[in-house]
Amino acid sequence: MKHISLTRFLIEEQREHQHLTADLRLLIEVVARACKAISIAVGKGALGGVLGSANSENVQGEVQKKLDVLSNDILLEANEWGGHLAAIASEEMDLPHAIPHRYPKGEYLLLFDPLDGSSNIDVNVSVGTIFSVLRCPDGVTEPTSRDFLQPGARQLAAGYAVYGPSTILVLTIGAGVYSFTLDREVGSFVLTGRNLRIPEETQEFAINMSNQRHWEAPMQRYIGELLAGSKGPRGKDFNMRWVASMVADVHRILTRGGIFIYPRDLKDPGKPGRLRLMYEANPMAFIVEQAGGAATTGRERLLDVIPGELHQRVPVFLGSKSEVERVTAYHLG
Ligand code: AFP
């Protein structure tokens, strides 16, 4: 495949898809450039002096890693001057970041988890950045958290960068899923995957099994059947993977199929799940559906969930369609 850069891909997509405006194309290019800078910082490891804790907490009450804060700053600084955004929301910030008055505002809202899987940073396991793009409601000049509370079906674009052996940017603007590998020598993302598709069937599941005793009955049944293997009701053996970095687990599923599950568990009945709806579950659900997979809360389509608050959590079942449909049927049964 001849080398097609992200820039050329977006220009060619713009000719085909009207909703890919010049500002949305700029937004995607700026986010990609920020992911390049994050990839370089992550890649330095201990040599960059950015490992370990930042000795601060985020809105989730989680201790922030230095790279969480650095990644958040990189994305903020990259995006606030371009005139394409009305506001920015992040896992690392309680309230949305307003675009400084010295810069023009645009029509888009950008949300991101700047460094997902950051508990893996200090042990050198893949991490990533997840982002989502919504339209700012008409007439809103000073967006508040409420303006971000749109169902995932309203996303205009979503993507992630996975900082692994190679750095790969995965992107959808609602017309299929594309992947770009970072050419470190040139410093640009090169198209390396078109129209990615998730196989409907799979024999691989991703879950943190240590929570099993806290799961609801449909989860006990579903996972029990997978573990029973070829002698059990599923009549085939399954394999398990759990990176504990959603971006890495989802990228594997996008590449070779699988089902990713982070269910609500009764350990903390008040908590609907661990993953956040707006900047983890929704962008991943958009990508997975665009690649022919499915994504639910176990009881409804993730992209239909009406958000109640910016940092709300949600149970996540996503990946190979037949498995997601089966486990969801168990919950609805
Ligand atoms: P961190 O960003 O705190 O490492 O959490 C990562 C994550 O949000 C998601 O990327 C993983 O799938 C999930 O948490 C792992 O959760 P467990 O540590 O409970 O397995």
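Above this note sits the structure.
Cut-offs and rules
In this numbering scheme, every chain counts its residues from 1 along its sequence in written order. Per-residue local features are limited, in this predicted model, to residues with pLDDT of at least 70; the limit for side-chain atom pairs, both in listing and counting, is 80 or more; totals at the level of whole chains, interfaces and linings are taken over all residues. Only heavy atoms go into the side-chain values, all of them from the structure, while hydrogens and water stay out. Residue exposure (1.4 Å probe, protein chains only): buried if accessible area is under 20% of the type maximum, exposed if over 50%, otherwise partly exposed. Going along the chain from the N terminus, every DSSP run of H or I of four or more residues is numbered as a helix, and every run of E of two or more is numbered as a strand. Picture the helix axis, draw a direction to every C-beta atom, and the arc is the one those directions span. When checking whether two residues touch, look at their non-hydrogen atoms; a contact exists if any pair is within 4.5 Å. Orientation is described by lines fitted to C-alpha atoms, with helices fitted over the stretch in contact, and by angles between N-to-C directions that extend from 0 to 180 degrees. Any angle between 65 and 115 degrees counts as roughly perpendicular, while under 35 counts as roughly parallel, over 145 as roughly antiparallel, and the rest as oblique. Working rule for handedness: look at the near helix, and if it is turned counterclockwise from the far one by less than a right angle, call the crossing left-handed; if clockwise, right-handed. Each residue gets one of three labels, nonpolar for Ala, Val, Leu, Ile, Met, Phe, Trp, Tyr, Cys and Pro, charged for Asp, Glu, Lys and Arg, and polar for the others, Gly among them. By definition here, a salt bridge exists when the distance from a side-chain nitrogen of Lys or Arg to a carboxyl oxygen of Asp or Glu is within 4 Å. At least two DSSP bridges between two strands are required for those strands to pair. Identification of polar contacts relies on pairs of N or O atoms within 3.5 Å, with a donor-acceptor requirement for protein atoms, meaning one able to donate a hydrogen and the other able to accept it, and with residues adjacent in sequence counted only if both atoms are side-chain atoms.

Visitor: Which residues make up helix α1 (residues 6–16), and what values go with them?
Guide: Those residues of α1 not exposed but buried are Leu6, Phe9, Leu10 and Glu13. Looking down the long axis of α1, one finds its buried residues gathered within 95° of arc, a one-sided arrangement. The secondary structure elements touched by the buried residues of α1 are α2 (22–44), β8 (167–172), β9 (177–183) and β10 (188–193).

Visitor: Could you give an account of the packing of α1 against α2, with specific residues and numbers?
Guide: When two helices pack together, their arrangement is given by the angle between the helix axes and the distance between those axes. Contact geometry for α1 and α2: axes closest at 11 Å, N-to-C directions at 160°. What the angle tells us is that α1 and α2 run roughly antiparallel. The crossing of α1 and α2 is right-handed. Here Leu6, Thr7, Leu10, Ile11 and Gln14 of α1 come into contact with α2, specifically with Ala22, Arg25, Ile28, Glu29 and Ala32. Along the lines of polarity and charge, the residues of the contact of α1 with α2 split into six nonpolar, two polar and two charged.

Visitor: Give a description of the pattern of salt bridges that names residues and reports values.
Guide: Under the defined criterion, the tally for this structure stands at 18 salt bridges. The salt bridge partner of Arg299 is Glu216, with a shortest N-O separation of 3.5 Å. Separated by 83 residues along the polypeptide, Arg299 in the loop between β14 (294–296) and β15 (316–319) and Glu216 in the loop between β11 (204–206) and α5 (217–228) bring together distant segments of the chain. The closest approach of N and O atoms between Arg252 and Asp249, which form a salt bridge, is 2.9 Å. On the criterion of helical spacing, the pair formed by Arg252 and Asp249 is a turn pair, its members being three residues apart in helix α6 (residues 246–256). On the basis of relative accessibility, which here comes to 12%, the residue Arg252 falls in the buried class. Linked through salt bridges whose partners overlap, the residues forming this network are Glu62, Glu91, Arg276 and Glu280.

Visitor: Let's hear about the packing of α6 against helix α7 (residues 277–290): which residues, and what values?
Guide: Relative to each other, α6 and α7 sit at 10°, their axes nearing to 12 Å. As judged from the angle between their axes, α6 and α7 are roughly parallel. Facing α6, whose interface residues are Met246, Val247, Val250 and Leu254, α7 presents Glu280, Met284 and Ile287. Residues that form the contact of α6 with α7 fall into these classes: six nonpolar, no polar and one charged.

Visitor: Just give me the short version of the pairing of β10, but keep the residues and values in it.
Guide: Two elements, β9 and β10, share five bridges in a ladder whose sense is antiparallel. Bridge pairing links Phe180 to Leu191 in β10. Counting the residues that bridge the hairpin from β9 to β10 gives four residues, and of these Gly187 lies at a positive phi of roughly 85°.

Visitor: Would you mind going over the environment of Asn58 in detail, with residue names and values included?
Guide: Turning to its location among the elements, Asn58 is positioned in the loop between β1 (53–57) and β2 (63–65). With 36 residues separating them in the primary sequence, Asn58 and Asp94 have C-alpha atoms 7.5 Å apart. Not counting chain neighbours up to four residues away, the residues in contact with Asn58 comprise Gln64, Glu91 and Glu92. A distance of 3.3 Å separates the side chain of Asn58 from the side chain of Glu92, its partner in a polar contact.

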